[in-house]
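# Coordinate inspection notes
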Amino acid sequence: MEEARESLVRKTYFADGGGAAAAPNSKFSRSVSHAYDELHSFRNCLRWMCLDQSNFCSASLSWLVFVLLALVVPGISHFVLACSSCDSTHERPFDSVVQLSLSGVATLSFLCLSRFGRKYGLRRFLFFDRLCHDSDTVRKGYTKQLDSSLKLLAIFVVPCFLAESAYKIWWYASGASQIPFLGNVLLSDTVACAMELLSWLYRTTIIFLVCVLFHLICHLQILRLQDFAKFFEVDSDMGDVLYEHLKIRKHLRIISHRYRSFMLWALIMVTGSQFASLLATTKPGAIVDIYRAGELALCSMTLVAGVLILLRSATKITHKAQAVTSLAAKWNVCATLERFDATDGETPTAAMMAAGGAGDSGTETDDAGDEEDELDNSKIMHAYAYSTLSFQKRQALVTYFENNRAGITVYGFTLDRSTLHSIFGVELALVLWLLGKTVGIS
């Protein structure tokens, strides 16, 4: 009965592009959110950040807060509150680069969040509607990662906000702004400082939130790949292996399609921001110190950290997905070696190879650290290498993996380690060219 049900699920998956009947007794089978589901705390956090767009009223409030804190307040801060007649320590010559960079990337992030929520909904966007088809290990690991995502968001946001708070409080407390737009200088400075800090906190939170959500979704695919690796530890059916890999590839294509525009434009905008910062700080007569360029440095670190979260998550899931090929090849080799007679002195079996390397296994495992897991390791498959599949079927499966490498792509370009090397080379060449034009480095 169980085999018949799994066969029906596979047929439904290939027929409708991945949809299947949900398990009736699983809480993950819900496709419609309610007030107290597993996303309750996460949804409350979005509501407090004014990013909830589940209905018309909350969406209107979300857009109103965005326009106020991401556009209006930075504009007023730059054109009205900037102190052009202040002393050298209170001047803000790089404020235009800071405000344009943060507001530009925050606008991109907010538009992407709005599109994700309007088109997919929170449950569907975070793939909670598909968890009913995964194992308990994947479900528990993903819900645990969801709970820690807010902590990860706070790790990036809070230090930046504290540093910005220290700078703004010093800037206003030392009397840099003297515009009593509320009738009293002290009250006016307090309100202006609070609004600028809220604007900074809001923009950095939106930027990091989109990056953390991408990291969360990629972690789900890593959990699925690690669960998929267990197929090679038992005598699995070739159809089951192919079905699961096709499902993982489909999910990776969905993630790539949803995030490709954001990743491309974020990389372009952050690159432009860094070059504008470099050009502004290296032009003749520019004075760079902690008072004038401290906020610019904090802005640059914030934007670069967000891009690094995206690139690291994408390259990590791509590396794990492509490691399936080496795992399948090792499985095929070990299964083939086990078919030889153990008394054959010329061809070592997997058991003999495992026994020969047992003495160094502890040291090698310690040296490898966290780099080895179920997908990418140097362990010999000896106990479970016996497979009822013929050599032709196993070789066909290995050939399929070699010619159907999965991973995160951006308009056809796979984000792997070689792509990162190319991006770094292009960025370095542009930096050296710009320095050659400004300070004469050749």
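Reading the values: rules and limits
- Residues numbered from 1 in each chain as written.
- Predicted model: local features only at pLDDT ≥ 70, side-chain atom pairs only at ≥ 80, totals over all residues.
- Heavy atoms only, no water.
- Helix = DSSP H or I, 4+ residues; strand = E, 2+ residues; numbered from the N terminus.
- Buried < 20%, exposed > 50% of the residue type's maximum accessible area, 1.4 Å probe, protein only.
- Contact = heavy atoms within 4.5 Å.
- UniProt positions renumbered as here; feature names shortened; annotations may be inferred.
- Polar contact = N/O pair within 3.5 Å; in protein donor to acceptor, adjacent residues only side chain to side chain.
- Phe/Tyr/Trp six-rings, centres within 6.5 Å; stacked < 30°, edge-to-face > 60°.
- pLDDT = per-residue confidence, 0-100.
- Patch = residues over 30% accessible without salt bridge, like charges linked within 9 Å, V, L, I, M, F, W, Y side chains within 5 Å.
- Areas by Shrake-Rupley, 256 points an atom, 1.4 Å probe, with all protein chains shown as cover.
- Salt bridge = Lys/Arg side-chain N within 4 Å of Asp/Glu carboxyl O.
- Axes fitted to C-alpha atoms, helices over the stretch in contact; angles between N-to-C directions.
- Parallel < 35°, antiparallel > 145°, perpendicular 65-115°, else oblique.
- Left-handed = near helix turned anticlockwise from the far one by under 90°.

## As for the environment of I255
Mapping I255 onto the fold places it in helix α8 (residues 238–282). Taking the relative accessible area as the measure of exposure, I255 reaches 2% and is therefore buried. Distance from I255 to C218, taken between C-alpha atoms, is 8.3 Å for residues 37 residues apart in sequence. Excluding residues that lie within four positions of it along the chain, I255 makes contacts with F127, F214, I217, Q221 and I408.

## Here we look at the UniProt feature "transmembrane region" (unreviewed entry) in the chain
Per the UniProt record, the feature "transmembrane region" (unreviewed entry) sits at residues 56–77, 97–116, 152–173, 200–223, 262–281 and 293–311. Overall, residues 56–77 shows 100% helix and 0% strand. The separation of its end C-alpha atoms is 30 Å. As annotated, residues 293–311 has a helix share of 100% and a strand share of 0%, and its two end C-alpha atoms lie 27 Å apart.

## Digging into unusual backbone geometry
Positive phi outside glycine occurs at F127, with the angle close to 65°. Residue placement: F127 occurs in the loop between α5 (122–125) and α6 (136–173). Exposure remark for F127: the relative accessible area of 2% places this residue in the buried category.

## Here we look at the environment of T419
Following the sequence through the fold, T419 ends up in helix α13 (residues 417–438). Residues T419 and T315 lie 104 residues apart in sequence; the distance between their C-alpha atoms is 8.8 Å. Of the polar contacts made by the side chain of T419, one reaches the side chain of D416; its length is 2.8 Å.

## Observations regarding the packing of aromatic side chains
Inspection of every chain in the model, using the stated rule, returns 17 aromatic pairs. Considering the side-chain rings of W63 and F110, the 4.9 Å spacing of their centres and the 90° angle between planes classify their relative orientation as edge-to-face. Linking W63 in helix α3 (residues 56–79) with F110 in helix α4 (residues 95–119), this pair joins segments that are 47 residues apart in sequence. A residue is classified by how much of its surface remains accessible, and F110, at 1% relative accessible area, is buried. Between F66 and F110, the aromatic rings sit 4.2 Å apart at their centres with planes inclined by 0°, giving stacked as the arrangement. Placement of the pair is F66 in helix α3 and F110 in helix α4, with a sequence separation of 44 residues. Summarising the burial analysis for this pair, F66 and F110 share the class buried.

## Overview of the side chain of T282
Relative to the elements of secondary structure, T282 occurs in helix α8. Looking at T282, its side chain comes within polar contact range of the main-chain oxygen of L278, at 2.5 Å.

## Comments concerning the confidence of the model for the chain
Summing up the model confidence of the chain, the mean pLDDT is 79 and the portion of residues at 70 or higher is 75%. Across the chain, the element-wise mean pLDDT spans from 44 in helix α1 (residues 2–16) up to 93 in α4. Segment residues 1–31: pLDDT under 50, and 42 contacts once partners within four positions in sequence are set aside and those in other chains are kept. pLDDT under 50 marks residues 349–361. Its contacts with residues more than four places away, or in other chains, come to 19 contacts.

## Focus: a nonpolar patch on the surface
Judged by side-chain polarity, W63, V67, L68, L71, V72, I76, F79, V80 and L111 come together as a nonpolar surface patch covering roughly 790 Å² of accessible area. Ranked by residues supplied to the nonpolar patch, first place goes to α3 with seven residues. Under the relative-accessibility criterion, V67 is labelled partly exposed at 36%.

## Focus: the packing of α6 against helix α7 (residues 185–228)
The contact between α6 and α7 brings their axes to 8 Å, and the two run at 155°. Looking at the two axes, α6 sits roughly antiparallel to α7. Classified by chirality, the crossing of α7 by α6 is right-handed.

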